[in-house]
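What the coordinates show
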Amino acid sequence: MEAVEHSPNTPLEYQTETGRLNILGFWIFLGAEIALFSTLFATYLVLVGRTADGPGPAELFEISGVLIETFLLLTSSFTCGLAIHYMRNHSLKGVFLWIGITLALGLGFLGFEIYEFVHYIHEGAALTTSAYWSAFFVLVGTHGAHVTLGIGWIILILIQLKQRGLTPDTSRKVFISSLYWHFLDVVWIFIFTAVYLYGMVM
Amino acid sequence: MKLDEFFVTGDPLIYGADVSIALTLIGAIFALTYFKKWKWLWTEWLTTVDHKKLGIMYIIAAVLMLFRGGVDAMLMRAQLTVPDAGFLDANHYNEIFTTHGTIMIIFMAMPFLIGLINVVVPLQIGARDVAYPFLNAVSFWTFFMGAMLFNISFVIGGSPSAGWTSYVPLAGLELSPGVGQNYYLLGLQIAGIGTLLTGINFLVTILKMRVPSMKLMQMPIFTWSSLITMVIIIFAFPVLTVALALMTFDRLFGSHFFTMMDGGMPMLWANLFWIWGHPEVYIVILPAFGMFSEIISTFARKTLFGYKAMVYSMVVIAGLSFLVWVHHFFTMGAGGAVNSFFSITTMLIAVPTGVKIFNWLFTLYKGRIRFTTAMLWSLAFIPNFVIGGVTGVMLAMAAADYQYHNTYFLVAHFHYVLISGTVYACFAGLHFWYPKMFNHRLNERLGKWTFWIFVAGFNLCFFPMYFLGLAGMPRRVYTYGIGDGWMSLNVLATMGGVLMGIGFLILVYNIYYSFRYSPRETTGDPWDGRTLEWSTPAPVPHYNFAHLPEVKGHDAFWIMKEEIKQGKKPEKKPYKPIHMPSYSGVPVVMSVFFFIAGFGMVFSWNWMSILGLIGVLATMVIRSFDYDKGFYVSVEEIEEHEKTT
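Because the structure is predicted, anything quoted here is derived from the model rather than measured.

What follows deals with the overall build of chain A. For chain A, the helix and strand inventory stands at six helices and zero strands. Counting from the amino terminus, helix and strand elements in chain A follow one another as α-α-α-α-α-α. Principal-axis analysis of the C-alpha atoms places the extent of chain A at approximately 65 × 30 × 25 Å. For chain A, the residues scored as buried account for 55% of the 202 residues in total. Nonlocal contacts in chain A, meaning residues at least 24 apart in sequence, comprise 79% of its contacts between residues at least 6 apart.

Put into structure tokens, the structure is as follows:
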């Protein structure tokens, strides 16, 4: 299963049968994730405006915090891409450096998001306030939970990189986690547009 | 919480169930200890990643669930036989139809089919295992623990009672304040994880693990039906995941997605549920179509008529399955334009389905038909399914649906498609592939008794329901008055239900009888089969194929046999070591933690749910650090296996 011919230019993560299968499987998993987030977006858009007696989004959303979050997450996607670039060049040091920066940016994003959530709750907009805020917190919160899980997962992979160096197995894991990270970035772009920009002009 | 709130009390039926559960558990523990089988159970079954064994476990679990769901059905029939019966009260009746529906769809039909897919598909495509054997075990165990969580509800805490569709506000906190609805949400959520993983696993398996010589358009039709089913699973199940999660949030954390107050939208639940729910019915019918195609082709001794049309019609059905969901609630007032759209898409599904029916008929045409049990089920399927399909088109007409909606006409329709489609297929497939799983056939004589009694009972039970529906009997009522005039047809239906129960018992006896007395298989090809699974020896070695088979067209094994008949000698090639995955205890332990977390959430015991989730995460970390590469089956072991066949 493991020993399959490959050209010398084949990236490490694609050199084994397991690597190729797992990467394809993860792409399909991301397809399922698209279905999951689509459902959440549809729910959110259906419930827009149903704020009952609570505040509406236009009263609470502030562009500055959201822009910082967006900047942090989008940059982290770029640094994550750099990490893969260094992985392809077999530079373990480069991988550690750029994944480290990616995680730091991800943590920064999470920090601002948590601050934003706490702020809304103080202003009287919580999960229990109205259908609109339920949909808001669950949609944006699901994305945030994905980021949190991703950070934990990537830390585990870093430990394995430390133990084993760059092998077909570890680089497969790094590559798959990078697919996940870029996917979260794409989802955020939709959240930024459909939730925040749309919410502010409502 | 007091103990008498924790355990369900007051009903003699429940006490009976308590006693039988306790006795079964004690009996199982005693038997395992007495025969010293604990180690065997752990090393051979609980930790297995072998697709054949997982498939068998799926099927055993599904048959148990068929029994449970069947008992529910018998209780309902007992209550409805005569007017004003006092056997079950309204609430108990509600609980029973809810668990009956949920169990039959989620925990019987799907695992039965997924079990057969597990056993058969890798063998049909010449693979030695699935793409992700470990994940396959996770799939099974999460399904199993989800099913167990749902099933204990009737003795601990109380069953859900808002119907398997769980429409809000009935399923909301105010009208369903107990823990029953939580069981529904958590049980389905945990089992749904397994289903999604199965979808990904088998999609990749079929695309990437086929023997290199098998082209897509040479795949056996059952494999094609499984492939298309997996695509539906991957896009439909996340919707259920979200819908269940949102209702869980509503009930446990006070959000307002589906509530009547604070902007909630009860209709949103109905939409989300059926955006998953309608594709779901195709998830349980497409593999059934695939099985019937294989069986009809084998026992008509002809290549399947219109193979490509069969594939494309399934693709079209899969696409349309996502565009028809509103027909489940035409009467909720979405307006003429919306109803017309969904009315037309629904009717369109009859076109590819009709193509398939005619292809089966043309496969039979001029075939030399052998009337085995599996074939009988397949032949009975065609007329019965047509009845279900035609009444489905009647229901699809939105205006007419205002008359049929929520009556026994609908009940009759969906039992006609689900039983004569899915259940007949499960029985047909079980008889057909039984020798691949257990190395002996089911007794044909007993099989035919089961067939005739069950099919007669089925038609006697459900055909009168069409007329009950037209006479105005609503579904989900726990009783009716003598003046309604529904008694005689209800008596007929109950008699049919009893016959179906007897048929099932004969099947169970057949399993025991065949285990004792059936001659063991020697060839691995008991039915003169056409596809690659019949080329494997009996018993199937754990690595499936010593040499990867060579595929030269449709019905690859048939072609091989023809070549041998024409005097071609199979060449002897030397064996090479075969790589296989290691067994692992992580999936079952992880799923137990899922169960603990789910149970904690059902009762809002946060410490328990957190403990369970920590356990789940811990097992994931253990898995992440596991670099086990599997092992190689030595040439000596392969020679040993192949010598005996």
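What follows concerns the overall build of chain B. Secondary structure assignment for chain B yields 20 helices and two strands. A compact globule built from 645 residues would reach a C-alpha radius of gyration of about 26 Å, and chain B, at 25 Å, matches this within 12%. Put simply, chain B has 645 residues, and 58% of those count as buried. In chain B, once contacts between residues fewer than 6 apart in sequence are set aside, the share between residues at least 24 apart is 82%. Carbon and sulfur atoms make up 71% of the accessible area of chain B, which amounts to about 25,600 Å² in all. Averaging the locations of the 40 positively and 35 negatively charged side chains of chain B gives two centres separated by 12 Å.

As a further point, take the packing of helix H5 (residues 90-124) of chain B against helix H14 (residues 408-438) of chain B. Residue and element names in this part refer to chain B. Put simply, H5 and H14 touch, their axes get as near as 10 Å, and they point 35 degrees apart. Considering the relative orientation of H5 and H14, their crossing is left-handed. Two secondary-structure elements touch here, H5 through Tyr93, His100, Ile105, Met108, Ala109, Phe112, Leu113, Leu116, Val119, Val120, Leu123 and Gln124 and H14 through Tyr408, His415, Leu418, Thr422, Val423, Cys426, Gly429, Leu430, Trp433, Lys436 and Met437.

So, about the side chain of B:Lys436. Residue and element names in this part refer to chain B. Position of Lys436 relative to the elements: it lies in helix H14. One buried charged residue, Lys436, forms no salt bridge at all, with the nearest opposite charge on Asp525 at 7.3 Å. One polar contact links the side chain of Lys436 to the main-chain carbonyl oxygen of Glu533, over a distance of 3.1 Å.

Time to look at the UniProt feature "domain: Cytochrome oxidase subunit I profile" (unreviewed entry) in chain B. The UniProt feature table records "domain: Cytochrome oxidase subunit I profile" (unreviewed entry) at residues 36-552 of chain B. Across residues 36-552 of chain B, helical content stands at 68% and strand content at 0%; the span's end C-alpha atoms are separated by 48 Å.

Residue and element names in this part refer to chain B. Counted by the stated rule, this structure contains five cavities of 30 Å³ or more. Approximately 150 Å³ is the volume found for the largest cavity. Along its surface, the largest cavity is lined by 18 residues, and Pro220, Ile221, Tyr307, Thr531 and Asp555 are the ones closest to its centre. By residue number, the principal contributor to the lining of the largest cavity is helix H9 (residues 266-299), which donates three residues. In terms of residue class, the lining of the largest cavity is made up of eight nonpolar, eight polar and two charged. If you trace the second largest cavity, you find it lined by Tyr58, Ile106, Phe107, Met110, Pro111, Ile114, Phe143, Ala191, Gly194, Thr195 and Thr198. Elements represented by at least two residues in the lining of the second largest cavity include exactly H5 and helix H7 (180-208).

The subject of this paragraph is the pattern of salt bridges. Residue and element names in this part refer to chain B. For the structure shown, the criterion picks out 14 salt bridges over all chains. With its nearest N and O atoms 3.0 Å apart, the salt bridge here joins Lys552 to Glu563. Here Lys552, found in the loop between helix H16 (487-517) and helix H17 (556-565), pairs with Glu563, found in helix H17; they are 11 residues apart in sequence, far enough to count as distant. By relative accessible area, which is 43% here, Lys552 ends up partly exposed.

Further remarks concern the confidence of the model for chain B. Close reading of the predicted structure is inappropriate where its pLDDT is low. On average, residues of chain B score 95 in pLDDT, and 100% of them reach the 70 mark or higher. Two summary scores accompany this predicted model of the complex, namely pTM at 0.96 and ipTM at 0.95.

A word on the nonpolar core. Judged by nonpolar contacts, the single largest core of 262 residues is most densely connected at A:Phe136, A:Tyr196, B:Phe107 and B:Tyr424. Discounting chain neighbours no more than four positions away, the residues touching A:Phe136 are A:Tyr44, A:Phe61, A:Glu116, A:Phe117, A:Tyr120, A:Gly141, A:Val195 and A:Tyr196. Within the second largest apolar cluster, six residues are counted, among which are B:Ala546, B:Ile578, B:Val633 and B:Ile638.

Take helix H1 (residues 17-47) of chain A next. Taking 1.5 Å per residue, 31 residues should reach 45 Å; H1(A) reaches 45 Å between its end C-alpha atoms and fits that length. Downstream of H1(A) by one or two residues, A:Gly49 has phi in the positive range, about 90 degrees.

The next point concerns the UniProt feature "transmembrane region" (unreviewed entry) in chain A. Residue and element names in this part refer to chain A. The sites that carry the UniProt feature "transmembrane region" (unreviewed entry) are, in the present numbering, residues 21-46, 66-87, 94-112, 132-159 and 179-199. In this annotation, residues 66-87 is assigned 100% helix and 0% strand; the end-to-end C-alpha distance for the span is 32 Å. The span residues 132-159 is 100% helical and 0% strand by assignment, and the distance between its end C-alpha atoms comes to 41 Å.

This brings us to the interface of chain B and chain A. Every contact between the two is made by 34 residues of chain B and, on the other side, 35 residues of chain A. Around 3,100 Å² of area is buried between chain B and chain A when both sides are counted, 72% of it from carbon and sulfur atoms. Between chain B and chain A we count one salt bridge in total. Across the pair B:Lys629 and A:Asp169 runs a salt bridge whose closest N-O atoms are separated by 2.3 Å. When contributions to the side of chain B that touches chain A are tallied by element, the ones reaching two or more residues are H7, helix H8 (221-253), H9 and helix H19 (606-624) of chain B. The greatest single-element share of the side of chain B that touches chain A, amounting to nine residues, is contributed by H8(B).

Our next topic: the packing of aromatic side chains. Residues and elements named next belong to chain B. Within the structure shown, the criterion is met by 89 aromatic pairs over all chains. Residues Tyr58 and Phe143 carry aromatic rings whose centres are separated by 5.4 Å and whose planes lie at 25 degrees to one another, so their mutual orientation is stacked. Remark: Phe143 occurs in helix H6 (residues 133-151) and Tyr58 occurs in helix H4 (residues 51-80); sequence separation between them is 85 residues. Ring plane angle 85 degrees and centroid distance 5.0 Å describe the contact between Phe341 and Phe342, whose orientation is recorded as edge-to-face. The residue whose ring lies beneath Lys37 is Trp40, and the NZ or CZ to ring-centre distance is 5.2 Å.

End to end, helix H4 (residues 92-122) of chain A covers 45 Å across 31 residues, agreeing with the expected 45 Å (1.5 Å per residue, within 8%). Directly beyond the C-terminal end of H4(A), a positive phi value near 90 degrees is found at A:Gly124.

All names here are of chain A. Tracing the sequence through the fold places Glu113 in helix H4. When the C-alpha positions of Glu113 and Lys93 are compared, they lie 30 Å apart, and in sequence the two are 20 residues distant. When sequence neighbours within four positions are dropped, the list of residues in contact with Glu113 reads Glu69, Val140, Gly144 and Trp188.

Turning our attention to the environment of B:Thr98. Residue and element names in this part refer to chain B. Mapped onto the elements of the fold, Thr98 is located in helix H5. The class of Thr98 is buried, set by a relative accessible area of 0%. Separated by 66 residues in sequence, Thr98 and Trp164 have C-alpha atoms that sit 4.9 Å apart. Residue contacts for Thr98: discarding those within four places in its chain leaves Pro160, Ser161, Ala162, Gly163 and Trp164. Of the polar contacts made by the side chain of Thr98, one reaches the backbone oxygen of Asn94; its length is 2.7 Å.

Thresholds applied
- Residues numbered from 1 in each chain as written.
- Chains lettered and ligands numbered in written order.
- Predicted model: local features only at pLDDT ≥ 70, side-chain atom pairs only at ≥ 80, totals over all residues.
- Heavy atoms only, no water.
- Helix = DSSP H or I, 4+ residues; strand = E, 2+ residues; numbered from the N terminus.
- Buried < 20%, exposed > 50% of the residue type's maximum accessible area, 1.4 Å probe, protein only.
- Contact = heavy atoms within 4.5 Å.
- Rg over C-alpha atoms; globule rule 2.2 N^0.38 Å.
- Areas by Shrake-Rupley, 256 points an atom, 1.4 Å probe, with all protein chains shown as cover.
- Lys, Arg positive; Asp, Glu negative; His and termini not counted.
- Charge placed at Lys NZ, Arg CZ, Asp CG, Glu CD.
- Axes fitted to C-alpha atoms, helices over the stretch in contact; angles between N-to-C directions.
- Left-handed = near helix turned anticlockwise from the far one by under 90°.
- Salt bridge = Lys/Arg side-chain N within 4 Å of Asp/Glu carboxyl O.
- Polar contact = N/O pair within 3.5 Å; in protein donor to acceptor, adjacent residues only side chain to side chain.
- UniProt positions renumbered as here; feature names shortened; annotations may be inferred.
- 1 Å grid on protein atoms, 1.4 Å probe; cavity = no way out; pocket = protein on both sides within 12 Å on 5 of 7 lines; lining within 4 Å.
- Points joined across faces, edges and corners; volume = space filled by probe spheres on them.
- Nonpolar A, V, L, I, M, F, W, Y, C, P; charged D, E, K, R; others polar.
- pLDDT = per-residue confidence, 0-100.
- Core = buried A, V, L, I, M, F, W, Y, C linked by side-chain atoms within 4.5 Å.
- Expected span 1.5 Å × (residues − 1).
- Buried area = accessible area lost by both parts, 1.4 Å probe.
- Phe/Tyr/Trp six-rings, centres within 6.5 Å; stacked < 30°, edge-to-face > 60°.
- Lys NZ or Arg CZ within 6 Å of the ring centre and 35° of its normal.

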